[in-house]
Amino acid sequence: MEFYTKDGKRVNYTFFSKLGRFFHIVGSGDEGFVFKEGDRVLKIHHPIPLKSVLDEDTAVKLTKLNTQRVLLPGKENDSLLFDGDGNFVAYKSKYVKNLRIRNLLNLDSQRLKEEATLLKEDVLMLSNANILMDDLLFQNFVFHYGIYLVDVGSFRFIFDDVLSIYQQNMKELDRGLMEIMYYADRVLESDSWASIRKISQIYSYYLDSGYMNVVDFMNEEIKEDSLEKYLIKIR
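The model shown is predicted, which means the values in this text are computed figures rather than measured ones.

Peer 1: An account of the pattern of salt bridges is requested, with residue identities and associated values reported.
Peer 2: Taken as a whole and judged by the stated rule, the model has 20 salt bridges. A salt bridge links Asp78 to Lys92, with the nearest nitrogen and oxygen atoms 2.8 Å apart. In this pair, Asp78 sits in the loop between helix H1 (56–63) and strand E6 (80–82) while Lys92 sits in strand E7 (residues 88–94), placing the two residues 14 residues apart along the sequence. Residue classification places Lys92 among the buried positions, given a relative accessible area of 1%. One salt bridge in this structure joins Glu228 and Arg102, with 3.2 Å as the shortest N-O distance. Here Arg102 lies in helix H2 (residues 101–105) and Glu228 lies in helix H7 (residues 227–233), a separation of 126 residues in the sequence. Note on Arg102: relative accessible area 36%, which makes it partly exposed. Several salt bridges converge on common partners, so that one network encompasses Glu31, Lys43, Lys51, Asp135 and Asp151.

Shown next as structure tokens:
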């Protein structure tokens, strides 16, 4: 498969073995396929994506930002790739191995709070750049002694008030963190309805607490040694 950098340099990739299997594929979805390439991943859009994908203008703006836990397209010359007609079709970002949700459950609670705070700081940076975030779903996070958002395909640059963008982005992060807690509890609970009830209870605590966002709530309310011990306490 042949791609081009913005300055016209040709980049070739072979993704199939002789048996016709994908090589080093690490994920796929409605937007495209994701391949591992050393310490980076390459996300290639489907020719006809099943949902909106990252556009070139937004991608260029993202390359100029320095986030800590939201993995954006890189700053290297080959981070944004185009087809022979000049259409933006792929991008590269940092690779983080997913150690799964159990890794987060066992993480020291202080580290957990620091990770959530880093995500909040990233939200502020993205909001100040007029980037609206979307799809902060559980499947778009990886856990490696921290919390990393790896799919920014639904992000887009918009002309709007920065405060309004920040408020929308924080609501999206709130949803993502609550969903993460749900799936973390599913490791502990055999009954999915028990987890739903528990997370609903936690969310009610949050709404009644007066905190501005879920990150602030976590920082103050999780006093146990780990997320696992906190979730076990909520019965």
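Peer 1: Run through helix H6 (residues 214–221), naming residues and quoting values.
Peer 2: Among all positions of H6, only Val214, Val215, Phe217 and Met218 are buried. Projection of H6 onto a plane perpendicular to its axis shows the buried side chains occupying an angular sector of 160°, all on one side.

Peer 1: Can you lay out the nonpolar core for me, pointing to particular residues and giving the numbers?
Peer 2: In terms of nonpolar packing, the biggest core is built from 49 residues, with Val70, Leu104, Leu126, Phe155, Ile180, Ile202 and Leu227 touching the most fellow members. For this core, the element with the highest residue contribution is helix H4 (residues 162–188), accounting for eight residues. Setting aside chain neighbours within four positions, we find Leu104 in contact with Leu112, Phe143, Ile147, Ile180 and Leu227. If you look at the next biggest cluster of nonpolar residues, it comprises nine residues, including Val11, Leu42, Leu81 and Ala90.

Peer 1: Describe the packing of aromatic side chains, naming the residues involved and giving the relevant values.
Peer 2: Tallying each qualifying case throughout the model produces ten aromatic pairs. Ring centres 5.8 Å apart and planes at 55° place the aromatic pair Phe82 and Phe88 in the tilted group. Summarising the burial analysis for this pair, Phe82 and Phe88 share the class buried. Between Tyr211 and Phe217 the ring centres are 6.0 Å apart and the planes differ by 70°, which places this aromatic pair in the edge-to-face class. Feature note: the residues Phe138, Phe143, Tyr182 and Tyr183 constitute an aromatic cluster, connected by ring pairs.

Here is what the cut-offs are and how they apply
- Residues numbered from 1 in each chain as written.
- Predicted model: local features only at pLDDT ≥ 70, side-chain atom pairs only at ≥ 80, totals over all residues.
- Heavy atoms only, no water.
- Salt bridge = Lys/Arg side-chain N within 4 Å of Asp/Glu carboxyl O.
- Helix = DSSP H or I, 4+ residues; strand = E, 2+ residues; numbered from the N terminus.
- Buried < 20%, exposed > 50% of the residue type's maximum accessible area, 1.4 Å probe, protein only.
- Arc of directions from axis to C-beta.
- Core = buried A, V, L, I, M, F, W, Y, C linked by side-chain atoms within 4.5 Å.
- Contact = heavy atoms within 4.5 Å.
- Phe/Tyr/Trp six-rings, centres within 6.5 Å; stacked < 30°, edge-to-face > 60°.

Read these as layout, nothing more, since geometry by itself doesn't imply function.
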